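Architecture at a glance
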Number of protein chains: 2
Amino acid sequence: MLGDSHSLPLLREILYGYRRFSELATLTGAPRSLLTSRLRKLESAGVIARRRYSERPPRDEYVLTDAGYDLVPVLLALKVWGERHTGEHHQPTAVFRHRCGAELHPVVVCEACGDEVRPGEFEVSGGTHPPILRP
Amino acid sequence: MLGDSHSLPLLREILYGYRRFSELATLTGAPRSLLTSRLRKLESAGVIARRRYSERPPRDEYVLTDAGYDLVPVLLALKVWGERHTGEHHQPTAVFRHRCGAELHPVVVCEACGDEVRPGEFEVSGGTHPPILRP
DNA sequence: CGCAGTCAGTCCGGAAGTTGGACCTACAAC
DNA sequence: GTTGTAGGTCCAACTTCCGGACTGACTGCG
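Model, not experiment: these values are computed from the prediction.

1. Here we look at the nonpolar core
Ranked by internal contacts, the top residues of the largest apolar core, which has 66 residues, are L11 and I48 of chain A together with L11 and I48 of chain B. Each of domain 1 (7–69) and domain 2 (72–119) of chain A accounts for three or more of the residues forming this core. When sequence neighbours within four positions are dropped, the list of residues in contact with I48 of chain A reads L11, I14, L39, L42, E43, Y62, V63, L64 and T65 of chain A.

Shown next, in the form of structure tokens:
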């Protein structure tokens, strides 16, 4: 779902609160035809919803569903990675503010012990790997 | 970097510990030619490294770099999402065990207050959005 | 030695996905 | 009635992807 070109940037912009077709077109740089098909695909995947906000003229907007909001940890983790590992500090990045009042710096922790999950501090086992089937 | 087809599954398998070309080929299902170019791309992005483990015959293996391990939170967050939101419980998924002994259930928390970051409990501001430039 | 098998690829032609520009419908403003 | 905006669709070029065949450098077996 996220492995398609433009899907990740598209979701990011929607998370940032942009919800209009033409905003998303210019922000992502995706051709409008592709944007249409990505929006439809994400909609049928259940992560965004299309809402008609004007009947006449007919106007639609796109917002995250609850399942879409659940992708926030993924996007935040990716944001953290990007800021740490790419020299391209893409302009003033968005600032996330948590309800606690502080600027939101997301950290991935182990639920059991509460410690941050760092490289090498965990083991992967099992990992039976389904062959990937594409329809 | 992750928006290319097969990149995410590929990184997952490498995280699971598979490091040989032909393993990765069958696990991801990607054609070998594509796999080659993805591995090269990820290598030049600095998330994986190619190591020669045999001179004769020449054999290479692929492992995560430190920057690659820093992607673990992203992959873990995605794993959590997938398990919660897709009916396809893809066979026995891999089990991650944290050094604390418990099975690793990753949670994204706010660094300041330590609370889990949930939908609607934060605000995005700023979000100046560079137009995406593709070379 | 000769033959089979494995590993890490490359090569190639057809299929699929992407791109940007033109075009369309439905309005609103002047 | 002309211009502008929003949300698209259509299409022909272009790029990527696919899967199967092929290669080179070995190892193992009898």
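Structure shown, so let's carry the discussion forward.
2. Quick notes on the protein's contact with DNA strand D
In the neighbourhood of DNA strand D, 21 residues make up the surrounding shell, with R32, T36 and Y62 of chain A together with L34 and R38 of chain B lying closest. Close to the protein, within 4 Å, the atoms of DNA strand D belong to sugar or phosphate groups at a rate of 65%. One nitrogen or oxygen atom from the side chain of R32 of chain A is found 2.8 Å from a base nitrogen belonging to DNA strand D. At 3.1 Å from a phosphate oxygen of DNA strand D is found a main-chain nitrogen or oxygen belonging to D60 of chain A. Counting residues per element, the ones that place at least two in the surface near DNA strand D are α2 (21–28), α3 (32–44), β1 (48–54) and β2 (59–64) of chain A together with α3 (32–44) of chain B. Sorting elements by how many residues they give to the surface near DNA strand D places α3 of chain A first, with 4 residues. Residues that form the surface near DNA strand D fall into these classes: 6 nonpolar, 6 polar and 9 charged.

3. A look at the interface of chain A and chain B
Interfaces are frequently sized by the accessible area removed from exposure as the parts join. Across the contact, 66 residues belong to chain A and 67 residues belong to chain B. Summed over both partners, the interface of chain A with chain B comes to about 5,900 Å²; 65% of that surface belongs to carbon and sulfur atoms. There are 6 salt bridges connecting chain A and chain B. Between R84 of chain B and D70 of chain A there is a salt bridge, with its nearest N and O atoms 3.4 Å apart.

4. Comments concerning the relation of the copies chain A and chain B
Rotating chain A by 180° and moving it 0.0 Å along the rotation axis overlays it on chain B with an RMSD of 0.1 Å. Here the two chains are linked by the operation of a two-fold rotation axis. Same-surface contact between copies: 100% of interface residues of chain A are shared with the interface of chain B.

5. Remarks on the protein's contact with DNA strand C
Near DNA strand C you find 20 residues, and of these L34 and R38 of chain A together with R32, T36 and Y62 of chain B are the closest. In this structure, a phosphate oxygen belonging to DNA strand C sits 2.7 Å away from a side-chain N or O atom of R38 of chain A. Note that a phosphate oxygen of DNA strand C is positioned 3.3 Å from one of the backbone N or O atoms of F21 of chain B. Where the surface near DNA strand C is concerned, the elements lending two or more residues are α3 of chain A together with α2 (21–28), α3, β1 (48–54) and β2 (59–64) of chain B. Sorting elements by how many residues they give to the surface near DNA strand C places α3 of chain B first, with 4 residues. Taken together, the residues of the surface near DNA strand C break down into 5 nonpolar, 6 polar and 9 charged.

Calculation criteria
Throughout, residues of each chain are indexed from 1 in the direction in which the sequence is written. In the order they appear in the text, chains get letters beginning with A and ligands get numbers beginning with 1. The model is predicted, so local features are restricted to residues of pLDDT at least 70 and side-chain atom pairs to those at 80 or more, both for listing and for counting; the totals for chains, interfaces and linings are taken over all residues. To obtain the side-chain values, all non-hydrogen atoms of the structure were used and water was disregarded. To form a nonpolar core, buried Ala, Val, Leu, Ile, Met, Phe, Trp, Tyr and Cys residues must be joined to one another through side-chain atoms within 4.5 Å. Only protein chains enter the accessibility calculation, which uses a 1.4 Å probe; a residue is then buried when its area is under 20% of its type maximum, exposed when over 50%, and partly exposed in between. The domain limits used here are those given by an automatic or database domain assignment. Residues count as neighbours in contact if any of their non-hydrogen atoms are within 4.5 Å of one another. We call a residue near a molecule or strand as soon as one heavy atom of that residue lies within 4 Å of the molecule or strand. Polar contacts, as used here, are pairs of N or O atoms within 3.5 Å; protein pairs need one atom able to donate a hydrogen and one able to accept it. Residues neighboring in sequence count only if both atoms are side-chain atoms. The way it works is that DSSP assigns letters per residue, a run of H or I at least four long becomes a helix, a run of E at least two long becomes a strand, and they are numbered from the N terminus. Following the grouping adopted for this structure description, the nonpolar residues are Ala, Val, Leu, Ile, Met, Phe, Trp, Tyr, Cys and Pro, the charged ones are Asp, Glu, Lys and Arg, and the polar ones are all others, Gly among them. The term buried area denotes the loss of accessible surface (1.4 Å probe radius) that occurs when two parts are joined, taken as the sum for both partners. Each reported salt bridge corresponds to a side-chain nitrogen of Lys or Arg within 4 Å of a carboxyl oxygen of Asp or Glu. Alignment of copies: least-squares fit on C-alpha atoms of residues with pLDDT of at least 70 in both copies.

These figures come from the coordinates and say nothing about function on their own.
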